[in-house]
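Okay, here's what each chain looks like letter by letter:
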Amino acid sequence: MGFNCGIVGLPNVGKSTLFNALTATAAADAANYPFCTIEPNTGQVMVPDPRLEKLAELAHSARIVPTQLEFVDIAGLVAGASRGEGLGNQFLGHIREVDAIVHVLRCFEDGDITHVAGKIDPVADAQVVETELMLADLEGLERRAEALTKRARGADKEAAATLTLAGRAIAALRDGTPARALELRPEEKPLFRALQLLTAKPVLYVCNVDEGAAKSGNALTEAVAAMAAAQGAGVVIISAAIEAEVAALGDAKERAAFLAEMGLEEPGLERLVREGYRLLGLITFFTAMAKETRAWTIPAGTRAPQAAGCIHTDFERGFIAADTIGFDDYVALGGQQAAKAAGKMRTEGKDYVLAEADVIEFKFNV
């Protein structure tokens, strides 16, 4: 699996420009007026990973297949969205479907680009969106609590446990705290996920800056970083304008030269992906064979049969074992056979928990 990120923010903060740049398409309209994006645009992005080329060379693979990341550009939100203002109801419905929220904040001054609040204050902008999500969650939980109460009175143990959890979430939301801040016991996590709360989703703040601040940020990005640190959220500084120019360059060398001129070592997409993986607790494993070398994304803590199931359900159903080599050993020793000869290949069973960058060949029988 990859992961699915909803790009959100107030109107005119650069969401669609960033989406177009990251996905290297013109799928999302970008214009200087509110609600330019109405229906969500979706774009698949190949996740850059230089480790793939090293593996493919050693495995003599015919092709390389990176893992994918999906971006969803969601309509701009305004105050009152939880009550249906602007495109609020559509916004809230679309955001429920994503794994994580990429919240774009305007961290640049430009008199030619309007701002719905009439001033540039990214922390205040973030609070507008967060407040609307909390209000929507609160309203939904209060409605659900009534039905849960009736079921709990009928000796429904799951309903009783869910009601207790919902009560804790309601108390937090009324106190101005998003649901993701709740401390959960392991047995509560499935019930919590079933509540489908908007504010339970992890948040990655993207500070959209002008070209001059792309490398080191500015006072506005520092304020956002402080807010993110207090929330345990992620933060990335990106210039959507630079990303748009990079996306327009077809040659990798031209892109590298342009980034070097800007004082940047890599495109913003790579920083965003790394932070997104960290935020969602994802890792990558590889398969390397003559036909292809491929990257696969799974949640940290995934066991071998479930990882095999990402490739094909038959792999999980008929799982026997996983021949496993660490990426560093695979590369340092020159491939699978050399690693096996050196005793660096391990045959792992059903209880094995995959590690970052494992190179695996699954054995199965159906």
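Predicted model only: the values in this text are computed from it and were never measured. Along each chain, residues carry numbers from 1 onward, in the same order as the chain's sequence is written. In keeping with the model being predicted, local features are shown solely for residues with a pLDDT of at least 70 and side-chain atom pairs are shown and tallied solely at 80 or more, while totals for entire chains, interfaces and linings include all residues. Only hydrogens and water are set aside; all other atoms, that is, all heavy atoms of the structure, feed into the side-chain values.

Asker: Outline helix 2 (residues 51–59), listing residues and values.
Answerer: Residues spaced three or four apart along an α-helix point in a common direction, a consequence of the helix completing one turn every 3.6 residues. Only protein chains enter the accessibility calculation, which uses a 1.4 Å probe. A residue is then buried if its area is under 20% of the maximum for its type, exposed if over 50%, and partly exposed in between. Secondary structure elements follow DSSP: runs of H or I of four or more residues count as helices, runs of E of two or more count as strands, with numbering from the N terminus. Three or more residues of helix 2 are buried, namely Leu-52, Leu-55, Ala-56 and Ala-59. Taken end-on, helix 2 shows its buried residues confined to a sector of 100°, consistent with a single buried face. In helix 2, those exposed residues whose orientation departs by more than 90 degrees from the buried face are Glu-53 and Glu-57. Should any heavy atoms of two residues lie within 4.5 Å, those residues are considered in contact. Check the buried side of helix 2 and you find it contacts strand 3 (64–65), strand 8 (282–288), strand 9 (293–299), helix 13 (327–333) and strand 12 (358–364). At the C-terminal side of helix 2, His-60 shows a positive phi close to 55°. Within this analysis, the arc is defined by the directions that extend from the helix axis to the C-beta atoms.

Asker: Report on a negative patch on the surface, specifying residues and quantitative values.
Answerer: On the surface, Glu-109, Asp-110, Asp-210, Glu-211 and Glu-245 cluster together into a patch of negative charge. Here Asp-210 is to be found in the loop between strand 6 (203–208) and helix 7 (219–231). A residue counts toward a patch only above 30% relative accessible area and without a salt bridge, and it is joined to like-charged neighbours within 9 Å or, for Val, Leu, Ile, Met, Phe, Trp and Tyr, to nonpolar neighbours within 5 Å. Each accessible area is a Shrake-Rupley result for a 1.4 Å probe, and residues are judged covered by the shown protein chains and nothing else. By definition here, a salt bridge exists when the distance from a side-chain nitrogen of Lys or Arg to a carboxyl oxygen of Asp or Glu is within 4 Å. Positive charges come from Lys and Arg alone, negative charges from Asp and Glu alone, with His and the N- and C-terminal ends not counted. Here the site of a charge means atom NZ of a Lys, CZ of an Arg, CG of an Asp or CD of a Glu.

Asker: Got a sec to walk through the nonpolar core? Specific residues and values, please.
Answerer: Counting residues in each nonpolar core, the largest one holds 55 residues, and the members touching the most others are Leu-69, Phe-71, Ile-95 and Tyr-205. Ignoring sequence-local partners within four residues, the contact set of Phe-71 consists of Cys-5, Ile-7, Phe-19, Leu-22, Thr-23, Asn-41, Thr-42, Gly-43, Val-45, Leu-269 and Leu-272. We call a set of buried residues a nonpolar core when its members are Ala, Val, Leu, Ile, Met, Phe, Trp, Tyr or Cys and they connect through side-chain atoms within 4.5 Å of each other.

Asker: Go over the side chain of Thr-67 with me, naming the residues and quoting the values.
Answerer: Among the secondary structure elements, Thr-67 is positioned in the loop between strand 3 and strand 4 (68–73). The buried category is assigned to Thr-67, whose relative accessible area is 8%. Side-chain polar atoms of Thr-67 contact the side chain of Thr-297, separated by 3.0 Å. Side-chain atoms alone can form a polar contact between residues adjacent in sequence; in general such a contact is a pair of N or O atoms within 3.5 Å, and within protein one must be able to donate a hydrogen while the other accepts it.

Asker: Describe in detail the packing of helix 4 (residues 122–153) against helix 5 (residues 157–174), supporting the description with residues and values.
Answerer: Two numbers describe how helix 4 lies on helix 5: the axes approach to 9 Å, and their chain directions differ by 150°. Taken together, the axis directions place helix 4 and helix 5 in an arrangement best described as roughly antiparallel. Two packed elements cross with a definite hand, and for helix 4 against helix 5 that hand is left-handed. Each of Met-134, Asp-137, Leu-138, Leu-141, Glu-142, Ala-145, Leu-148, Thr-149, Arg-151 and Ala-152 in helix 4 lies in contact with helix 5, whose residues at this interface are Ala-159, Ala-160, Thr-162, Leu-163, Ala-166, Ala-169, Ile-170, Leu-173 and Arg-174. Orientation is described by lines fitted to C-alpha atoms, with helices fitted over the stretch in contact, and by angles between N-to-C directions that extend from 0 to 180 degrees. Here is the rule for angles: anything less than 35 degrees is roughly parallel, anything more than 145 is roughly antiparallel, 65 through 115 is roughly perpendicular, and the remaining ranges are oblique. Definitions for this section: a left-handed crossing has its near helix turned counterclockwise from the far helix by less than a right angle. A right-handed crossing has that turn clockwise.

Asker: If you had to explain the pairing of strand 4 to someone new, which residues and values would you point to?
Answerer: Put simply, side chains in a regular strand alternate between the two faces of the sheet. Counting buried residues in strand 4 gives 5 out of 6 residues, a clear majority hidden from the surface. When DSSP finds two or more bridges between two strands, those strands count as paired. Bridge analysis of strand 1 (residues 3–8) against strand 4 gives 5 bridges, and the strand direction is parallel. Along strand 4, the bridge assignment pairs Asn-4 with Glu-70. Two strands pair when backbone bridges link them, and strand 2 (residues 41–46) and strand 4 are joined in this way by 6 bridges, in the antiparallel orientation. Its bridge partner lying in strand 4, Asn-41 is registered against Asp-73.

Asker: Can you break down the environment of Lys-189 residue by residue, with the values?
Answerer: The topology assignment puts Lys-189 in helix 6 (residues 189–194). Lys-189 sits 24 residues away from Leu-165 along the chain, and the two C-alpha atoms are 9.8 Å apart.

Asker: Lay out the sheet that holds strand 2 with the relevant residues and their values.
Answerer: The strand order 2-4-1-5-6-7 describes an open sheet built from 6 strands, whose pairing is mixed. The open sheet has two free edges, formed respectively by strand 2 and strand 7 (234–238), since each of these has just one partner strand. The sheet shows a mean angle of 25° between the axes of neighbouring strands, taken without regard to direction. This element, helix 10 (residues 268–280), spans strand 1, strand 2, strand 4, strand 5 (100–106), strand 6 and strand 7 of the sheet and lies at about 175° to strand 7.

Asker: Any chance you could break down the pattern of salt bridges for me, citing the residues and the numbers?
Answerer: One pass over the structure, following the stated rule, counts 17 salt bridges. A salt bridge links Asp-49 to Arg-51, with the nearest nitrogen and oxygen atoms 2.8 Å apart. The class for Arg-51 is partly exposed, based on a relative accessible area of 21%. With a shortest N-O distance of 2.8 Å, Arg-294 and Glu-292 are connected by a salt bridge. One salt-bridge network, in which partners are shared between bridges, spans Arg-168, Arg-185, Glu-187 and Glu-188.

Treat this as a map of the structure, not an account of what it does.
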